Structures are given as C-alpha cells and as structure tokens.
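Listed below, chain by chain, are the residues.
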Amino acid sequence: KYLIAPTVNLMIAQRLLRKLCKKCKVKTKPNVAEKKILDQAIKNIPATYKKDLPSDMEFIHKPSEKGCQECNGKAYKGRIAVLEVLEMTDELEQIILGQISEAKIRTEASRQGMISMFQDGIIKVLKGITSLEELLETAQEESDEQPQPV
C-alpha cells in the first residue's frame, strides 16, 4: 500500500448511460416515487454542483414510447458518461498509509466535494440528457435505502 499514494494522482469511476433522443424525448412530471428519489439525491449533492441544476426541476424527460426517425424508433441516441472523481490529497494519502477503511475514504471524498456517479446522473436527468429509469438501471446509489425503479 505504500506505493499507492505516491503513484496515484486521480481515481475515476464511470458508467455509460444512453442519452435520450433530442427529437422525441417526452417532458413529464415525476411520479411520487421518482420525486422522492430526485429530492433525496438533490439534498445530498454538494453546493458547488447545485448551481448547475436547472431552475425548473418540476419536470423530467422520459423516452418516447415509439421513438422517431432520428433515433430509429429507440428513443435513445448516443451515450454519456456518469463519473465520480477522487483526487489524491495529503489527507487521502494518510488514510491509505494508515488504517484504511471505506468509511474514511468516503469522509475524505465528501470533504473534497466529490459527487457520486448516481448524483452526476441525477444532474443529467434533471437537465434532460438521460432518463431516471436509465440511471437506476446503470448506476444505482449504494446505501441502506436503495432507490427502487418505478
């Protein structure tokens, strides 16, 4: 473990989500379960990222049932990454060299203002880039209270 801290600058994890087709995506109000998932995720997003959220968060976009010619009837076109990035800091180096634990790493990630892949995905859902269903299938948050697909 003594080699990890001096050789790593940045740790990145990613998943790819399908992007909603710009031509046929459908704007809709989230149902109660979707609203609960969104509200919980927004509450936990660091303040520096909240400024990037759209001002109108009363609607989300969903895939069209039939699609269109642009997406060949698939309702999705292209992919986009959801990411989480953790920088090697002096504090993280001390955690790695000492008694390393997931809890300590999560605390350091929080101190750095890191957002999880799920939170990055929530931002992309609120911007209409992808759907909540796609996010829940691909990058669900790991916690005691798992969001459930609707």
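Look a little higher up for the structure.
Read on for an overview of the structure. (Residues numbered from 1 in each chain as written. Predicted model: local features only at pLDDT ≥ 70, side-chain atom pairs only at ≥ 80, totals over all residues. Heavy atoms only, no water.)

**Structural notes on the nonpolar core**
Core analysis: the biggest nonpolar cluster contains 20 residues, and Leu38, Phe118, Ile122, Val125, Leu126, Leu132 and Leu135 have the highest contact counts within it. Mapped onto this core, the elements with two or more residues apiece are helix H2 (32–44), helix H6 (117–126) and helix H7 (132–138). Ranked by the residues each element gives to this core, the list is headed by H6, at six residues. Residue contacts for Leu126: discarding those within four places in its chain leaves Leu38, Ile42, Leu53, Pro54, Met57 and Ile60. In this structure, Ala5, Met88, Ile96 and Ala109 belong to the second largest nonpolar core, which totals seven residues. (Core = buried A, V, L, I, M, F, W, Y, C linked by side-chain atoms within 4.5 Å. Buried < 20%, exposed > 50% of the residue type's maximum accessible area, 1.4 Å probe, protein only. Helix = DSSP H or I, 4+ residues; strand = E, 2+ residues; numbered from the N terminus. Contact = heavy atoms within 4.5 Å.)

**Observations concerning the packing of aromatic side chains**
Scanning all chains against the criterion turns up zero aromatic pairs. One cation-aromatic arrangement involves Lys29 over Phe59; the distance from NZ or CZ to the ring centre is 5.2 Å. (Phe/Tyr/Trp six-rings, centres within 6.5 Å; stacked < 30°, edge-to-face > 60°. Lys NZ or Arg CZ within 6 Å of the ring centre and 35° of its normal.)

**Some thoughts on the packing of helix H4 (residues 90–97) against helix H5 (residues 102–112)**
Any two packed helices are characterised by the angle at which their axes cross and by the distance between the axes. Running from N to C, H4 and H5 point in directions that differ by 180 degrees, and their axes come no closer than 10 Å. When the axis of H4 is compared with that of H5, the two are roughly antiparallel. Where H4 abuts H5, its residues Glu91, Leu92 and Ile95 lie against Lys104, Ile105, Glu108 and Arg111. By residue class, the composition of the contact of H4 with H5 is three nonpolar, no polar and four charged. (Axes fitted to C-alpha atoms, helices over the stretch in contact; angles between N-to-C directions. Parallel < 35°, antiparallel > 145°, perpendicular 65-115°, else oblique. Nonpolar A, V, L, I, M, F, W, Y, C, P; charged D, E, K, R; others polar.)

**Here's the deal with the packing of H2 against H6**
For the pair H2 and H6, the least separation of the axes is 10 Å and the interaxial angle reads 120 degrees. In this view, H2 runs oblique relative to H6, as classed from their interaxial angle. Crossing of H2 over H6 shows left-handed handedness. Judged by residue contacts, Ile37, Leu38, Ala41, Ile42 and Asn44 of H2 engage Phe118, Gln119, Ile122, Val125 and Leu126 from H6. (Left-handed = near helix turned anticlockwise from the far one by under 90°.)

**Section: unusual backbone geometry**
Backbone geometry places Asn72, a non-glycine residue, at a positive phi of 60 degrees. Here Asn72 lies in the loop between strand S3 (60–62) and strand S4 (76–87). Asn72 sits in the exposed class, given a relative accessible area of 65%. For Ala75, which is not glycine, the phi torsion reads 70 degrees and is therefore positive. Mapped onto the elements of the fold, Ala75 is located in the loop between S3 and S4. The buried category is assigned to Ala75, whose relative accessible area is 2%.

**Quick word on the pattern of salt bridges**
As enumerated under the stated definition, the model contains ten salt bridges in all. A salt bridge links Glu102 to Arg106; the shortest N-O distance between them is 2.7 Å. Here Arg106 and Glu102 lie together in helix H5, a separation of four residues that amounts to about one turn. Put simply, Glu34, Lys62 and Glu133 are held in one network by salt bridges that share partners. (Salt bridge = Lys/Arg side-chain N within 4 Å of Asp/Glu carboxyl O.)

**Topic: the environment of Glu93**
Tracing the sequence through the fold places Glu93 in helix H4. Classification of Glu93 by relative accessible area gives partly exposed; the value is 24%. Residues Glu93 and Pro6, spaced 87 residues apart in sequence, show a C-alpha to C-alpha distance of 8.0 Å. Excluding its chain neighbours within four sequence positions, the residues that come into contact with Glu93 are Ala5 and Met88.

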